[in-house]
Amino acid sequence: DHPPPAPPSLPTAPSSTPSPAKPGRTLLKRLASPLAAAPAPAPPPAEAPGRGEDLLVHVAVRRAAPRNGHPMYEVRLSNASHLHTVECRFGAFRALDSDLQHQQVTINASFPPTLKKSSLGLALSDQQLSQRCNLLDKWLKATVAAAGAMPDMGLVALRDFLRLDECGSQPLVDAIYDGHVATPADGAPGAPAADRVARAAGAAAHTTHPAAPPASPE
């Protein structure tokens, strides 16, 4: 006997199941999609305005208006957020230089000479006063830059000359005690300022302040 013939096959509806995607295609599409792109890294937190500049002190000496017939000089100490000024005569600079020499502090700038003309009580010319001011500016910058290596008594002399007790800005005082003078290179930071301030304050408690220099045309 022969088996009955198979019934004719019926047409089938196309399958609704999609054919499997080729390996890796889905991943490539996902990577190409802008929605799947990795988010951009968050920007770094903004630094507080002037915070870096507060670590440096800008030092300048300028000519000021004469007082009682004597030439005066203005010392300007500033950072990004504070300005401290002191007016003094040439004799006050000279007294500070004498104190620092006594403490054997090395300053990488020469102190302006006392001109014979002024020692005789004669007024200096405008050009001579400007030249002296420029030399004082260079000397004071080098002096503050040397503060980080000064002995305690040298810091006390510098503090009294600059009247830092009246400054009103601890970051500025810290930068001065550490010798962080602003330069084109900006220098490398030194030791923490808090230790220097504490040492200077302790030394000042046992210090007798020298008498004011005698009056002179300077």
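Residues numbered from 1 in each chain as written. Predicted model: local features only at pLDDT ≥ 70, side-chain atom pairs only at ≥ 80, totals over all residues. Heavy atoms only, no water.

Within the protein, the regular secondary structure consists of seven helices and three strands. The order of helices and strands in the protein, counted from the N terminus, is α-β-β-β-α-α-α-α-α-α. Out of the 218 residues in the protein, the part that is buried amounts to 32%. When contacts within the protein are restricted to residue pairs at least 6 apart in sequence, long-range pairs at least 24 apart make up 61% of them. A total of about 14300 Å² of accessible surface is found on the protein, and carbon and sulfur atoms cover 58% of it. (Helix = DSSP H or I, 4+ residues; strand = E, 2+ residues; numbered from the N terminus. Buried < 20%, exposed > 50% of the residue type's maximum accessible area, 1.4 Å probe, protein only. Contact = heavy atoms within 4.5 Å. Areas by Shrake-Rupley, 256 points an atom, 1.4 Å probe, with all protein chains shown as cover.)

The residue glutamate 74 is located in strand S2 (residues 70-78) in this model. Exposure remark for glutamate 74: the relative accessible area of 17% places this residue in the buried category. With sequence-adjacent residues up to four places away left out, glutamate 74 is seen in contact with Ala60, Val61, Arg62, Ala64, Thr85, Val86 and Glu87.

Turning to the sheet that holds strand S3 (residues 83-88), a few remarks are in order. Across a sheet, paired strands are connected by hydrogen bonds in the backbone, their directions being either parallel or antiparallel. Ordered in space as S1-S2-S3, the three strands form an open sheet in which the pairing is antiparallel. Of all the strands in the sheet, the pair left with one neighbour each is strand S1 (58-67) and S3. When the angles between neighbouring strand axes are averaged without regard to direction, this sheet yields 25 degrees. Note that S2 and S3 share six bridges and pair antiparallel. (Pairing = 2+ DSSP bridges. Axes fitted to C-alpha atoms, helices over the stretch in contact; angles between N-to-C directions.)

To continue, consider the packing of helix H2 (residues 90-102) against helix H4 (residues 126-145). Running from N to C, H2 and H4 cross one another at 35 degrees; their axes reach a closest spacing of 12 Å. In this structure, the crossing between H2 and H4 has a hand that is left-handed. Taking contact as the criterion, the partners of Phe90, Phe93, Leu96, Asp97 and Leu100 in H2 are, on H4, Arg132, Leu136, Trp139, Leu140 and Thr143. Residues of the contact of H2 with H4, tallied by class, amount to seven nonpolar, one polar and two charged. (Left-handed = near helix turned anticlockwise from the far one by under 90°. Nonpolar A, V, L, I, M, F, W, Y, C, P; charged D, E, K, R; others polar.)

All right, on to the pattern of salt bridges then. In this structure the tally under the stated criterion is five salt bridges. The salt bridge partner of glutamate 87 is arginine 67, with a shortest N-O separation of 2.7 Å. Separated by 20 residues along the polypeptide, glutamate 87 in strand S3 and arginine 67 in strand S1 bring together distant segments of the chain. (Salt bridge = Lys/Arg side-chain N within 4 Å of Asp/Glu carboxyl O.)

With 13 residues, H2 should reach 18 Å at 1.5 Å per residue; the first-to-last C-alpha distance of 19 Å fits that figure. Of the surrounding elements, those touching the buried residues of H2 are S1, S2, S3, H4 and helix H5 (152-162). The first or second residue beyond H2 is glutamine 104, which carries a positive phi of 60 degrees. (Expected span 1.5 Å × (residues − 1).)

Turning our attention to the confidence of the model for the protein. Here the protein averages 74 in pLDDT, while 57% of its residues score no lower than 70. By mean pLDDT, the top-scoring element of the protein is S3 (97), and the lowest-scoring one is helix H1 (residues 25-32) (36). Across residues 21-38, where pLDDT falls below 50, the model places two contacts with residues more than four positions away in sequence or in other chains. Here residues 44-51 is modelled with pLDDT under 50, and outside its nearest four sequence neighbours on either side it reaches two contacts, counting other chains as well. (pLDDT = per-residue confidence, 0-100.)

Okay, the environment of glutamate 87 next. Take glutamate 87: its relative accessible area is 30%, and that puts it in the partly exposed class. Beyond its immediate chain neighbours, meaning those up to four positions away, glutamate 87 contacts Ala64, Arg67, Met72, Tyr73, Glu74 and Arg163. Reaching out from glutamate 87, the side chain makes a polar contact with the side chain of arginine 67 at a distance of 2.7 Å. (Polar contact = N/O pair within 3.5 Å; in protein donor to acceptor, adjacent residues only side chain to side chain.)

Further remarks concern H5. Within H5, eight of the eleven residues are buried, which leaves it mostly tucked inside the rest of the structure. Three or more residues of H5 are buried, namely Gly154, Leu155, Val156, Ala157, Leu158, Arg159, Phe161 and Leu162. Arginine 163 sits one or two positions beyond H5 and adopts a positive phi of about 55 degrees.

What follows deals with the environment of cysteine 167. Tracing the chain through its elements places cysteine 167 in the loop between H5 and helix H6 (170-178). Taking relative accessible area as the criterion, cysteine 167 reaches 4% and is therefore assigned buried. With 81 residues separating them in the primary sequence, cysteine 167 and valine 86 have C-alpha atoms 9.7 Å apart. Those residues within four positions of cysteine 167 in sequence are excluded, and the remaining contacts are His82, His84, Leu172 and Val173.

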